[in-house]
Amino acid sequence: MKQRMNIGELAPEAYRAMLRLEKYLTDSGLPHTTKELVKLRVSQINGCAFCVDMHSHDAKAAGESDERLFSVVAWRETPFFSDAERAALALAEEATRLSDRGETVPDDVWEEAARHYEPEVLAALVVAISTINAWNRIAVTTRMVPGALRSQSG
């Protein structure tokens, strides 16, 4: 597999804008673990191998257990996630699969997320979901190679 193009080099202003979103998310109050779980799950749904690889390694480096990482794909059927994490994952799935359902982001999913997160943190969660969906589309379209960032840095 060979990467088609490097967006960071060819559209540096757009790339920097995406990185500013990531900086906002880091400072937002959204729990780091929740953010990484959401990024991983959305990337799985979108078939983004680059982002699945990156966020699995990032979460592992931040102390996430193998058990939880292996189970994100089947989070509903496992006891490994808190109610708040489940609400975030449900919202992430609904917001990612907008065209797969008649009703987009059902009220019950939204209300459950709102029950667990203060409005500012819920807003950050929505931004995190939107941002990882955008990153997935960039990575899949340009065929970013899984593991490429690790091989550059080490």
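As shown above, the structure is provided for reference.
Because the structure is a prediction, the values reported are computed rather than measured.

Definitions and limits used
- Position numbers for residues start from 1 in each chain and track the written sequence from start to end.
- Local features are withheld for residues below a pLDDT of 70 in this predicted model, meaning they are given only at 70 or higher, and side-chain atom pairs are given and counted only at 80 or more; totals for whole chains, interfaces and linings count all residues.
- In computing side-chain values, all of the structure's heavy atoms are included and hydrogens and water are not.
- For every element, the axis is a line fit to its C-alpha atoms; helices are fit only across the contacting stretch, and the angle between N-to-C directions ranges from 0 to 180 degrees.
- In this text, helices come from DSSP runs of H or I with a minimum length of four residues, and strands from runs of E with a minimum of two, each type numbered from the N-terminal end.
- Note on convention: the crossing is left-handed when the near helix lies turned anticlockwise from the far helix by less than a right angle, right-handed when the turn is clockwise.
- Here a residue-residue contact requires only that any non-hydrogen atoms of the pair lie within 4.5 Å.
- Gly is put with the polar residues, along with every residue not named as nonpolar or charged; the nonpolar set is Ala, Val, Leu, Ile, Met, Phe, Trp, Tyr, Cys and Pro, and the charged set is Asp, Glu, Lys and Arg.
- In these notes the angle categories are as follows: under 35 degrees is roughly parallel, over 145 is roughly antiparallel, 65 to 115 is roughly perpendicular, and the rest is oblique.
- Only buried residues count toward a nonpolar core, which is a set of Ala, Val, Leu, Ile, Met, Phe, Trp, Tyr and Cys residues joined through side-chain atoms within 4.5 Å.
- Each residue is assigned to one of three classes by its accessible area relative to the maximum for its type, calculated with a 1.4 Å probe on protein chains only: buried under 20%, partly exposed between the two thresholds, exposed over 50%.
- Within 3.5 Å is the distance limit for a polar contact, defined as a pair of N or O atoms, with the added protein rule that one can donate a hydrogen and the other accept it, and that residues adjacent in sequence qualify only through two side-chain atoms.
- For Phe, Tyr and Trp, rings pair up if their centres lie within 6.5 Å, where Trp contributes its six-membered ring, and each pair is then called stacked (planes under 30 degrees apart), edge-to-face (over 60) or tilted (otherwise).
- Here, expected helix span is obtained from the residue count minus one, scaled by 1.5 Å.

Draft legend 1. Summary view of the packing of helix α3 (residues 32–46) against helix α6 (residues 83–96). Where α3 meets α6, the closest approach of the two axes is 9 Å, and the angle between their N-to-C directions is 35°. α6 is crossed by α3, and the crossing has right-handed handedness. Residues T33, T34, L37, V38, R41, V42, I45 and N46 of α3 touch α6, and the partners they reach there are E85, A88, L89, A92, E93 and T96. Taken together, the residues of the contact of α3 with α6 break down into 7 nonpolar, 4 polar and 3 charged.

Draft legend 2. A look at the packing of helix α4 (residues 49–61) against helix α8 (residues 119–142). Where α4 contacts α8, the two axes come as close as 8 Å, and the packing angle between them is 125°. Classified by the angle between their axes, α4 and α8 sit oblique to one another. Taking contact as the criterion, the partners of F50, C51 and H55 in α4 are, on α8, I132, W135, N136 and A139. Residue classes in the contact of α4 with α8 are distributed as 5 nonpolar, 2 polar and no charged.

Draft legend 3. Region of interest: the nonpolar core. With 33 residues, the main nonpolar core has V38, L91 and L125 as its most contacted residues. Elements represented by at least two residues in this core include exactly α2 (12–27), α3, α4, α6, α7 (107–116) and α8. In this structure, L125 is in contact with L30, V38, A88, L91 and Y117, ignoring residues within four places of it in sequence.

Draft legend 4. Seen up close, the side chain of S43. Tracing the sequence through the fold places S43 in helix α3. Only 2.7 Å separates the side chain of S43 from the backbone oxygen of K39, close enough to count as a polar contact. Not counting chain neighbours up to four residues away, the residues in contact with S43 comprise C48, C51, V52, H55, I132 and N136.

Draft legend 5. Expanded view of the packing of aromatic side chains. In total, this model carries 1 aromatic pair according to the counting rule given. Ring centres of Y15 and W135 lie 5.5 Å apart, and the angle between their planes is 80°; on these two criteria the pair is classed as edge-to-face. Taken together, the positions of Y15 in helix α2 and W135 in helix α8 put the pair 120 residues apart, joining distant regions of the chain.

Draft legend 6. Region of the structure containing the environment of M54. Position of M54 among the secondary structure elements: in helix α4. We classify M54 as partly exposed; its relative accessible area is 23%.

Draft legend 7. Region of the structure containing α4. Between its first and last C-alpha atoms α4 spans 18 Å; for 13 residues at 1.5 Å apiece the expected length is 18 Å, and the two agree. Here α4 has its buried residues at F50, C51, D53, H55 and A59. One or two steps after α4, the chain reaches G63, where phi turns positive at roughly 100°.

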